[in-house]
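Next come the chains, spelled out residue by residue.
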Amino acid sequence: MIVAAGVLAAISCVQYFTARNGIRIEAELRAKTELRKAELEIELHTVEMETAAKTLARLVEKHIDIPDSIYAATRLAVGTLRTKTSLAVAFVPDYFPKHGRYFEACSSRITEDSIYTRQIGSAEHDYTQMEWFQNGFKHDSCWWSEPYLDDSGSQTFVVSCSYPVRDSKGEVVAVVCVDLSLDDLKNISDYLQVYPNSYYTIRSSTGLEIVPMPDTVAGQKYNIFQEEIDATGWHIEIIIPDEVLFRDLNHIGRLVGVLMIIGLLILALIIAYSVRTTQKMLDFAEKNQRIAGELEVAKTIQMAMLPKVFPPFLDRPDVNVYGLVEPAKEVGGDLYDFYVRHDKLFFCVGDVSGKGVPAALVMAMTRSLFRSITAHEENVGAVMRKMNNALMDQNAQNMFLTLFLGVIDCKTGQFDYCNAGHNAPAMLRTQNTKVELLPVLPNLPLGIEPDYDYQGQHAHADRGDLLFLYTDGLTEAENGRHEQFGEERMLKELTECRERGLAPREIVQTMQQHVEQFVNGAQQSDDLTMLAVRYQVPALVMRNDIQQIPTLAEWMEEIGLPEELNMPLNLALEEAVSNVMLYAYPGQSGQVLVEAVKSEKVVFTISDSGIPFDPTQKAEADTTLSAEEREIGGLGIHLVRQIMDEVRYERYENKNVLTLIKKI
Amino acid sequence: MKTEIVASGNQLIAKFSGRLDTAAAVQTIEDVKPLLEASNKEIILDCSALEYISSSGLRIFLSIRKEASAHGSKVIVRHINNDIRQVFMMTGFVSLFVIE
């Protein structure tokens with residue numbers, strides 16, 4: 001701002017002084033021209049008078065014998081002059097004895113038409129004492145006097161031009177004098193008045209002021225342009241005060257200055273406004289960044305609330321749970337939770353109305369309530385009622401949520417649940433190839449009606465049954481054409497998952513992939529949550545010790561397999577498990593977990609946390625060779641393939657997961 | 001799992017009883033060493049009491065079979081149950097052994 005002002009001021013100054021200089025040069029040129037004109041004008045007069053003087057002198061010389069003719073000569077000479085001037089011829093004393101000691105013939109133009117001629121020499125008017133006479137007498141050429149007051153004639157300031165008259169012998173006998181009234185030079189002021197308020201002075205060669213310097217000039221700064229008149233030796237000066245010369249420029253300068261100050265003020269205002277706006281924007285951006293950072297932390301905290309270590313719990317091998325929350329924003333209002341207490345699996349899935357931070361806070365509160373209330377209450381209806389009332393007490397924002405709450409007794413398969421306005425979960429039952437929604441009562445969502453009487457429901461879960469819970473972020477996921485994923489599609493995909501014998505994690509991940517494919521890049525509009533809960537035959541947890549192999553046969557009895565499949569499945573499982581034991585943990589101990597789900601097929605899942613090891617890539621034995629040619633190894637995986645209908649391997653989160661499936 | 005070996009004339013009769021799984025194979029391989037060293041004998045593997053066999057057991061059988069060929073012995077597998085026969089079928093062992 002200051003720099004801009006400085007630059008502007010500097011530009012203005014340069015412009016001002018350039019203009020000033022230009023004006024001065026222009027004034028000088030003009031003054032010089034006018035001075036030249038004035039000089040010419042003066043010279044015109046002086047030359048005219050000199051000529052008149054010289055002409056008169058010649059005439060007098062020719063007719064010197066006849067004094068009376070001298071009068072006529074003066075009259076003639078005056079007639080040649082344009083100005084109202086006087087012209088005289090003064091003779092040395094006693095030149096014409098008859099006419100007295102002093103003889104000076106003088107003619108003056110009185111008006112345009114009348115010329116007055118007389119003899120003016122007398123003892124009182126002793127011209128011989130006068131400067132013009134004496135100098136005229138002495139000089140051969142025209143001599144110009146200093147200005148003086150003409151007391152005899154016009155009573156004005158005059159200058160005189162004297163010229164000698166000689167007789168036939170060459171002796172100076174008279175002096176011709178022509179007066180020039182300074183009044184006659186007045187018209188040169190037309191030239192010298194260059195500006196309305198400029199001045200001029202004319203000084204004689206001795207410094208006498210013919211046109212004096214006006215008093216008003218004193219104390220002012222001014223410019224002087226001068227010229228010397230050759231004939232008379234006069235100095236003419238044109239005096240132009242700065243104020244006069246630069247008046248217009250100063251006016252413009254002042255105007256420009258005022259405009260510049262106004263401009264700078266406007267500029268300053270604009271800059272101040274811009275700075276404030278920019279600062280606001282910067283503050284806003286900083287605030288936004290801080291909020292984004294805090295939301296990121298909030299997301300981490302929120303995600304940490306949800307159980308991340310998924311069963312099968314090593315201490316609870318009869319449940320397998322996998323959950324996933326994908327918030328549409330940094331934080332969301334969806335939740336799932338689960339834990340086991342007294343052989344009972346408590347779990348829930350909820351969806352808080354709204355999104356973002358307010359929803360996330362209610363979600364966190366709900367999760368705490370779920371844990372604290374289920375810690376001493378097992379009746380699902382009572383849990384819901386208590387959660388509802390607690391939420392009503394603390395619900396200033398009128399936020400509500402839908403929640404599905406389930407409790408599975410792992411010993412008996414008794415399944416209690418209560419649904420508060422949430423989407424009905426899907427049941428993947430071992431005894432039913434059709435995936436169906438769990439029948440739910442139409443209870444109100446939580447946080448709407450105080451003391452609402454939530455009704456619980458009961459069902460039975462067989463080992464291997466799987467409950468798929470979700471929020472509407474799944475069924476209402478939209479693609480670019482605003483089509484919804486929908487319940488039907490979900491059930492169809494779940495049916496396929498069941499047929500493929502997928503475990504809870506696989507089901508959730510498969511469904512996630514299907515949703516992603518379906519929305520095909522469209523922006524996620526709602527939080528997406530899925531939770532798969534499987535009640536199962538307690539998984540077998542083994543150390544990587546070959547001596548543990550016999551426990552497999554005992555464990556398999558719990559599954560209740562058909563008699564004729566007992567041996568082959570035991571064999572296949574043993575081959576697979578012993579392979580893992582031998583190769584997945586080289587030189588160290590580790591665990592191998594075996595799960596089984598029996599429906600119209602049996603699905604074994606063998607998981608370990610060892611090094612990546614894919615037994616399906618192992619070379620199989622060639623069973624067509626002779627005993628001598630046969631290698632000792634490779635029989636195990638061959639048997640697994642022979643016995644099972646499907647063998648698949650997956651490496652997932654540092655785990656080897658081998659799935660064996662056999663139709664029953 | 002139990003392994004009993006009885007020598008009877010030119011015959012060596014090994015009687016397996018129980019489940020010859022991966023765990024049991026560790027001991028069984030020690031138990032059948034006399035069979036691997038025998039030459040010009042008729043080795044009878046009596047499976048009448050063998051309930052179950054896994055690939056580890058099959059490998060022992062294959063080792064016995066290979067050593068026998070090398071030492072001029074002959075191996076006969078006797079009284080295998082249906083489950084084990086099924087395993088023999090799946091692994092092509094039916095064509096490696098004389099099964100009675």
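Residues numbered from 1 in each chain as written. Chains lettered and ligands numbered in written order. Predicted model: local features only at pLDDT ≥ 70, side-chain atom pairs only at ≥ 80, totals over all residues.

Draft legend 1. Main features of the interface of chain B and chain A. If you look at the interface, chain B gives 20 residues, while chain A gives 21 residues. Going through the elements one at a time, α1 (22-31), α3 (55-70) and α4 (82-91) of chain B are the ones with two or more residues in the side of chain B that touches chain A. (Contact = placed C-beta atoms within 7 Å. Helix = DSSP H or I, 4+ residues; strand = E, 2+ residues; numbered from the N terminus.)

Draft legend 2. Seen up close, the sheet that holds strand β9 (residues 209-211) of chain A. Residues and elements named next belong to chain A. Strand order in this open sheet of four strands is β9-β8-β11-β10, and the pairing throughout is antiparallel. What marks the edges here is a single partner per strand, and that holds for β9 and β10 (222-228). Ignoring which end each strand starts from, the neighbouring axes of this sheet average 25° apart. Both β10 and strand β11 (residues 235-241) contribute to a ladder of seven bridges, which runs antiparallel. By the bridge assignment, E227 is partnered in β11 with I236. Contacting β10 and β11, helix α1 (residues 2-62) crosses the sheet at an angle of about 35° to β10. (Pairing = 2+ DSSP bridges. Axes fitted to C-alpha atoms, helices over the stretch in contact; angles between N-to-C directions.)

Draft legend 3. Structural context of the confidence of the model for chain B. Per-residue confidence for chain B gives a mean pLDDT of 91, with 100% of residues at or over 70. Prediction confidence for the complex, expressed as pTM and ipTM, is 0.64 and 0.92 respectively. (pLDDT = per-residue confidence, 0-100.)

Draft legend 4. Focus on the packing of helix α14 (residues 635-643) of chain A against α3 of chain B. Running from N to C, α14 of chain A and α3 of chain B point in directions that differ by 125°, and their axes come no closer than 9 Å. Considered as vectors, α14 of chain A and α3 of chain B are oriented oblique to each other. For α14 of chain A against α3 of chain B, the interelement crossing comes out right-handed. Judged by residue contacts, L635, G636 and L639 of chain A of α14 of chain A engage S55, L58 and R59 of chain B from α3 of chain B. Here the residues of the contact of α14 of chain A with α3 of chain B sort into three nonpolar, two polar and one charged. (Parallel < 35°, antiparallel > 145°, perpendicular 65-115°, else oblique. Left-handed = near helix turned anticlockwise from the far one by under 90°. Nonpolar A, V, L, I, M, F, W, Y, C, P; charged D, E, K, R; others polar.)

Draft legend 5. Spotlight on unusual backbone geometry. Residue and element names in this part refer to chain A. The phi dihedral of D451 falls on the positive side, at around 55°, and the residue is not glycine. Examined against the element boundaries, D451 turns out to sit in the loop between β18 (436-437) and β19 (457-460). Using a count of 8 C-beta atoms within 10 Å as the deciding quantity, one classes D451 as exposed. One non-glycine residue, N520, lies in the positive phi region at around 50°. Among the structural elements, N520 can be located in the loop between α11 (504-519) and β21 (528-535). The exposure class assigned to N520 is exposed, which follows from the 9 C-beta atoms found within 10 Å. (Buried ≥ 20, exposed ≤ 12 C-beta atoms within 10 Å, placed from the backbone.)

Draft legend 6. View of the nonpolar core. The biggest cluster of nonpolar side chains holds 68 residues, and the ones touching the most others in it are L405, F468, L474, L531 and A532 of chain A. In this structure, F468 of chain A is in contact with P425, A426, L428, L494, I507 and A532 of chain A, ignoring residues within four places of it in sequence. Grouped together as the second largest cluster of nonpolar side chains are 65 residues, A539, M567 and V577 of chain A together with A23 of chain B included. (Core = buried A, V, L, I, M, F, W, Y, C linked by C-beta atoms within 7 Å.)

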